[in-house]
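The lines below spell out each chain.
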Amino acid sequence: MPNAQPPIIRASRLSKQFGNHAVVRDISFDLAAGETLVLLGPSGCGKTTLLKMLNRLIEPDGGTVEINGENVRTQRPETLRRGIGYVIQQVGLLPHYTVAENVAVVPRLLGHAPAAIAARTTALLTRLHLPPARYAGQYPHQLSGGQQQRVGLARALAADPPIILLDEPFGALDPLTRASIRREFRELEELRSKTVVLVTHDVTEAFELADRIMLLDAGQIQQLGTPRELLFQPANAFVRDFFAAERLALQLRTLTLGDIFSADELAKLGIRSVKPDIGLLMPSIKSKTPEIIDNKLVDNTHKPGTNKALLVVKDSTPDINKHTPGIGHLMPDIENTKLGIENVKPGIKETKSGITGKMPDVAGEHPVFTTNTTVHDALETLTGSAPGPTTVGFTLPQLMAAFGAALQREETAWKR
Amino acid sequence: METLTALFTFWHEQAGKLAEQTLQHIGLTAASLLLASLLGVPLGLFLSRRPRWAPAVLGLAGVLQTVPSIALLGFLIPLLGIGPKPAIFALFLYSLLPIIRNTLAGIQGVPPAVVEAARGLGLTDGQVLRRVELPLALPVLMAGIRTATVINVGVATLAAYVAAGGLGEFIFGGIALNNPAMILAGALPAAGLALAFDAALGGVQKLSTRRLAQVGTGLLVVLPLLGALYLLPRATGKLQAGFSPEFVGRADGLPSLTKVYGLTRLPSVVLAPALVYEAARHADVDVIDGYSTDGRIRAYGLRVLHDDRRVFPPYYAVPVVRPALLLDHPELAPVLAQLNGQISDSAMTNLNYRADYLHQDPKAIAEAFLRRRGLWRAPRPAVAGAPVVRLGSKIFAEQYILAELYAALIRGNTNLAVQTKTGLGGTTICFEALRDGAIDLYPEYTGTGLLVLLQPTPAVVDSLGGRPAAVLNYVRAEFRRRYNLEWLAPLGFNNTYALLMRQQQAQQLGIASVSELGQYLQQ
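Residues numbered from 1 in each chain as written. Chains lettered and ligands numbered in written order. Predicted model: local features only at pLDDT ≥ 70, side-chain atom pairs only at ≥ 80, totals over all residues. Heavy atoms only, no water.

Caption draft 1: Representation of the overall build of chain B. Helix and strand counts for chain B come out as 25 helices and 10 strands. Relative to its 523 residues, chain B shows a buried fraction of 55%. Pairs at least 24 residues apart make up 79% of the contacts formed inside chain B by residues separated by at least 6 positions. (Helix = DSSP H or I, 4+ residues; strand = E, 2+ residues; numbered from the N terminus. Buried < 20%, exposed > 50% of the residue type's maximum accessible area, 1.4 Å probe, protein only. Contact = heavy atoms within 4.5 Å.)

Written out as structure tokens, the structure is:
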């Protein structure tokens with residue numbers, strides 16, 4: 001990614017062996033401020049080891065890590081870690097601390113003023129849909145898995161570190177909770193300016209969150225690039241095969257209307273042109289109008305059983321799509337209706353934030369197609385399973401034809 | 001019901017002693033727990049950091065745990081003497097294993113994710129230990145302390161054997177005297193203490209982690225205070241006595257001695273019979289009870305205080321047998337009779353000296369003696385299926401030697417097989433074993449038969465007047481009548497109770513008899 005600023009994280013020739021087994025082999029990368037890098041790969045590919053070398057939970061056998069141009073070895077590990085947010089799959093909340101105390105751990109270590117800590121904790125908990133009045137004094141075992149991970153996020157963000165490391169943060173959650181938390185995570189204002197390194201083995205998650213993806217296998221980088229590069233210009237057979245199962249779903253979510261229609265067609269169809277947001281490679285996600293996330297609003301607008309509610313479930317559960325690539329989008333009615341009814345109800349009963357995650361993108365208002373709208377979203381609108389403009393200038397066959405043509409173009413471009 | 005009445009009477013009479021012993025008991029338990037926690041918790045933490053050491057350390061602590069408590073105290077006496085030191089040290093060793101193991105298990109039970117997250121947030125190793133691992137390990141750690149406490153309350157009763165006091169004094173006195181009320185007088189409060197401590201610590205364990213940390217700190221303050229109970233001033237006098245439990249309780253022991261000689265100003269501790277001589281030798285105590293033929297009198301330079309008012313009844317050694325044995329094997333009577341009147345007081349003291357001080361084998365001592373007297377016959381070859389004569393003995397050297405003497409005679413002069421069941425504990429155990437037919441013969445003392453087993457009215461005892469022949473005749477007749485057991489002829493020596501002092505000190509103070517001891521104490 002072109003960027004004039006110096007890298008905030010620079011890893012050079014990192015390697016690590018456990019016994020005779022080389023876990024990480026000669027890995028180098030730069031990360032710009034504000035960028036989100038996803039470390040992706042099968043189990044045992046070395047992605048977690050790589051992540052832990054960044055905050056010195058694991059010391060590399062060879063190579064260096066520089067943060068803001070300074071070798072991390074020159075700092076005490078504790079000092080280094082207090083400046084880097086860290087979230088793990090099992091959350092690891094201190095069971096004998098309340099939610100508020102857990103969030104306050106790092107600010108306290110840093111000696112922040114108690115009043116400032118309290119204010120920060122309250123703000124973060126509110127933003128993460130854990131109303132402090134109710135949750136601040138609770139203990140971790142009183143929370144659901146999703147709530148615990150929210151506290152884990154709040155804890156990592158509490159001291160406002162410029163870098164956040166996340167190790168499979170959503171891995172232990174059930175698919176619904178995972179999707180909703182992931183969505184909140186994406187939309188969290190706090191995270192937009194931060195440099196994020198996230199480890200996952202979930203392809204959909206990687207595509208949803210990444211600016212760049214580092215695909216690892218056997219401790220080596222297979223490819224480092226934008227999601228689109230990995231999808232359409234795979235560096236080797238491993239990369240191509242890795243995405244094979246979800247290829248169509250990923251393509252639908254990666255290509256935008258701006259990609260598949262020519263400039264003329266766009267003008268003719270009245271699709272609003274939006275400047276491609278440099279660095280935000282999932283425009284449909286990152287360039288969206290920030291959501292209004294407020295529990296009252298949610299309660300007022302959300303009517304269980306309505307069409308809207310069903311759509312929301314669909315929208316926020318990409319994992320379900322994963323199992324039925326393609327077909328799921330074309331025949332959404334049966335499947336999604338069923339899912340909607342089953343899944344929304346518990347959401348209402350259990351957690352308010354669960355519902356929030358299933359909110360329509362803009363409550364009470366239909367979004368307008370732009371050049372950044374993904375084919376996937378447009379498809380959902382045309383098939384009536386997602387809200388969209390009331391009048392659309394193209395039909396489903398036209399959309400699919402343009403999509404097919406675009407895929408062909410990418411294919412030939414790569415072959416050349 | 002009778003026992004219960006006796007129990008309450010006992011408590012009533014001995015209320016002061018009971019309170020003192022209870023406090024001592026708590027003190028012993030608390031002091032040893034404190035030491036064990038101070039060493040065990042850091043050791044457990046160390047092992048959690050260096051798990052490679054865990055099997056070795058836990059194994060060692062486990063071995064210590066398996067050493068029988070009496071044996072452990074025995075090992076510690078030469079190192080630490082008698083009194084509270086070996087008792088507290090032994091209890092400390094017993095508490096180590098549960099405390100180390102539970103500390104380690106507690107730390108290892110902390111979810112790795114929590115520790116990883118804490119480290120990832122930037123807590124130092126010390127902070128992870130203090131703020132995360134220790135608080136989370138506390139419930140398991142406290143369970144270890146709870147286990148150790150309950151073990152210690154139980155084992156602390158044995159402290160009475162090394163003159164460290166505690167509720168064991170009543171228990172062992174009661175066992176030695178076959179006095180159930182006295183046993184219960186110590187055992188019930190001990191059990192009560194164990195239950196109370198267990199319940200209290202069980203309650204503590206249920207507290208939240210945060211409260212638990214406070215309580216844990218509080219415990220570190222309370223334990224030394226409880227331990228200090230032990231140091232409460234005790235009665236002191238010019239001389240300190242150390243008596244075996246049996247002597248303290250039995251009618252012809254300390255009670256009648258105190259009455260006749262007025263030994264009221266003689267503060268005493270109770271300790272194991274095997275230890276009284278050592279205690280006197282090392283000047284831990286000044287006056288002890290003993291047996292007039294004990295070999296250690298000679299070995300340790302002790303003096304027998306002359307029983308000038310004849311408080312101790314005659315204790316002539318006589319083999320007691322089941323009559324069936326002699327009827328079934330008529331050849332046995334003349335063989336057993338070979339020892340009649342053969343062993344004088346000095347001869348017996350000499351034999352005992354060889355055993356107690358020269359550590360010769362009782363069997364070898366017996367053979368040497370028989371050879372000197374011309375009674376030795378080489379054992380006849382064993383006959384398969386030959387009837388077995390079972391010889392019993394109490395748990396001290398003289399009885400071992402007597403048992404070996406009879407065994408050698410029977411083996412050399414008859415075709416019968418011999419089985420020795422030595423070390424049967426106190427009088428009561430031997431006597432019951434003989435009555436039940438578990439043994440056929442054991443050497444008993446006339447005075448013991450009279451006062452411990454028959455327990456006649458004081459009028460009867462007075463009528464016998466301490467005359468050896470009268471006592472033997474009375475005992476023989478009564479045993480025949482009541483138990484159908486036969487007392488044979490005396491072996492010759494009179495192993496009576498005796499008060500002993502160190503030769504040097506007795507000489508210095510000019511004490512040669514018990515009367516003079518009484519006078520000295522009254523001054």
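Caption draft 2: Spatial organisation of the overall build of chain A. Scanning chain A for helices and strands turns up 24 helices and 10 strands. Counting the 416 residues in chain A, one finds 53% classified as buried. When contacts within chain A are restricted to residue pairs at least 6 apart in sequence, long-range pairs at least 24 apart make up 71% of them. With an accessible surface of roughly 18000 Å², chain A has 54% of that area assigned to carbon and sulfur atoms. (Areas by Shrake-Rupley, 256 points an atom, 1.4 Å probe, with all protein chains shown as cover.)

Caption draft 3: Inspection of the packing of aromatic side chains at higher detail. In the structure shown here, the tally under the stated rule is 22 aromatic pairs over all chains. Between the aromatic rings of phenylalanine 207 of chain A and phenylalanine 243 of chain A, the centroid separation amounts to 5.3 Å while the plane-to-plane angle is 80°, which identifies the pairing as edge-to-face. On the criterion of sequence distance, the pair formed by phenylalanine 207 of chain A in helix H10 (residues 203-209) and phenylalanine 243 of chain A in the loop between helix H12 (237-242) and helix H13 (247-254) is long-range, its members being 36 residues apart. Comparing phenylalanine 207 of chain A with phenylalanine 243 of chain A, the two get one shared label, buried. Joined through ring pairs, the aromatic side chains of Phe243, Phe247, Tyr291, Phe312, Tyr315, Phe396 and Tyr497 of chain B make up one cluster. Over the ring of tyrosine 520 of chain B we find lysine 238 of chain B; its NZ or CZ atom is 4.9 Å from the centre of that ring. Over the ring of tyrosine 353 of chain B we find arginine 298 of chain B; its NZ or CZ atom is 4.0 Å from the centre of that ring. (Phe/Tyr/Trp six-rings, centres within 6.5 Å; stacked < 30°, edge-to-face > 60°. Lys NZ or Arg CZ within 6 Å of the ring centre and 35° of its normal.)

Caption draft 4: The pairing of strand E8 (residues 441-445) of chain B, seen in detail. Residue and element names in this part refer to chain B. Within E8, five of the five residues are buried, which leaves the element mostly enclosed by the surrounding structure. Taking every second residue as pointing to the same face, both faces of E8 are buried, with Leu441, Pro443 and Tyr445 on one and Tyr442 and Glu444 on the other. In this sheet, E8 lies alongside strand E5 (residues 317-321) in antiparallel orientation, the contact comprising five bridges. Among the inter-strand pairings, proline 319 is bridged to a residue of E8, identified as proline 443. (Pairing = 2+ DSSP bridges.)

Caption draft 5: Structural context of the packing of helix H2 (residues 15-49) of chain B against helix H9 (residues 180-205) of chain B. Residues and elements named next belong to chain B. Following both chains from N to C, one finds H2 and H9 inclined at 40°, their axes separated by 11 Å at the closest point. Comparing the axis directions of H2 and H9 gives the class oblique. Like other packed secondary-structure pairs, H2 and H9 cross with a definite hand, here right-handed. Residues Leu18, Thr22, His25 and Ile26 of H2 lie in contact with H9, whose contacting residues are Ala185, Pro189, Leu193 and Phe197. Tallied by class, the residues present in the contact of H2 with H9 amount to six nonpolar, two polar and no charged. (Axes fitted to C-alpha atoms, helices over the stretch in contact; angles between N-to-C directions. Parallel < 35°, antiparallel > 145°, perpendicular 65-115°, else oblique. Left-handed = near helix turned anticlockwise from the far one by under 90°. Nonpolar A, V, L, I, M, F, W, Y, C, P; charged D, E, K, R; others polar.)

Caption draft 6: How the structure looks around helix H4 (residues 69-80) of chain B. Taking 1.5 Å of rise per residue, 12 residues should cover 16 Å, and H4 of chain B covers 15 Å from first to last C-alpha, within 8% of that figure. Phi for glycine 81 of chain B, located one or two positions after H4 of chain B, is positive at around 75°. (Expected span 1.5 Å × (residues − 1).)

Caption draft 7: How the structure looks around the environment of aspartate 294 of chain B. Residues and elements named next belong to chain B. Residue placement: aspartate 294 occurs in the loop between strand E3 (287-291) and helix H14 (295-299). With 51 residues separating them along the chain, aspartate 294 and aspartate 345 place their C-alpha atoms 9.5 Å apart. Ignoring any residue separated from it by four or fewer positions in sequence, one finds aspartate 294 in contact with Tyr277, Thr349, Asn352 and Asp356.

Caption draft 8: Molecular detail of the side chain of glutamate 116 of chain B. Within the secondary structure layout, glutamate 116 of chain B lies in helix H6 (residues 112-121). Apart from residues lying up to four places away in sequence, glutamate 116 of chain B is in contact with Lys52, Leu57, Tyr86 and Ile88 of chain A.

Caption draft 9: Seen up close, the layout of surface pockets. Residues and elements named next belong to chain B. Computed from the structure, the second largest pocket encloses a volume of approximately 1400 Å³. Around the second largest pocket sit 50 residues that line it, and Ala272, Pro273, Ala274, Ile395 and Phe396 are the ones nearest its centre. Mapped by element, the contributors of at least two residues to the lining of the second largest pocket are H4, helix H8 (168-177), helix H11 (245-249), helix H13 (276-281), E3, helix H17 (345-356), helix H19 (397-413) and helix H20 (427-436). Its residues assigned to classes, the lining of the second largest pocket shows 27 nonpolar, 14 polar and nine charged. (1 Å grid on protein atoms, 1.4 Å probe; cavity = no way out; pocket = protein on both sides within 12 Å on 5 of 7 lines; lining within 4 Å. Points joined across faces, edges and corners; volume = space filled by probe spheres on them.)

Caption draft 10: Looking closely at the interface of chain A and chain B. Contacts between the two partners involve 25 residues from chain A and, on the opposite side, 19 residues from chain B. Summing both partners gives a buried area of about 1800 Å² for chain A against chain B, and 60% of it is carried by carbon and sulfur. Taken as a group, Arg81, His96 and Leu109 of chain A account for 28% of the area that chain A buries against chain B, more than any other trio of residues on that side. Applying the counting rule to chain A against chain B returns one salt bridge. A salt bridge links lysine 52 of chain A to glutamate 116 of chain B; the shortest N-O distance between them is 3.4 Å. On the surface where chain A and chain B come into contact, there are six residue pairs in polar contact (both at pLDDT 80 or more). Counting residues per element, the ones that place at least two in the side of chain A that touches chain B are helix H2 (77-82), strand E6 (84-88) and helix H4 (105-109) of chain A. Looking at the side of chain A that touches chain B, its residues break down into 13 nonpolar, five polar and seven charged. (Buried area = accessible area lost by both parts, 1.4 Å probe. Salt bridge = Lys/Arg side-chain N within 4 Å of Asp/Glu carboxyl O. Polar contact = N/O pair within 3.5 Å; in protein donor to acceptor, adjacent residues only side chain to side chain.)

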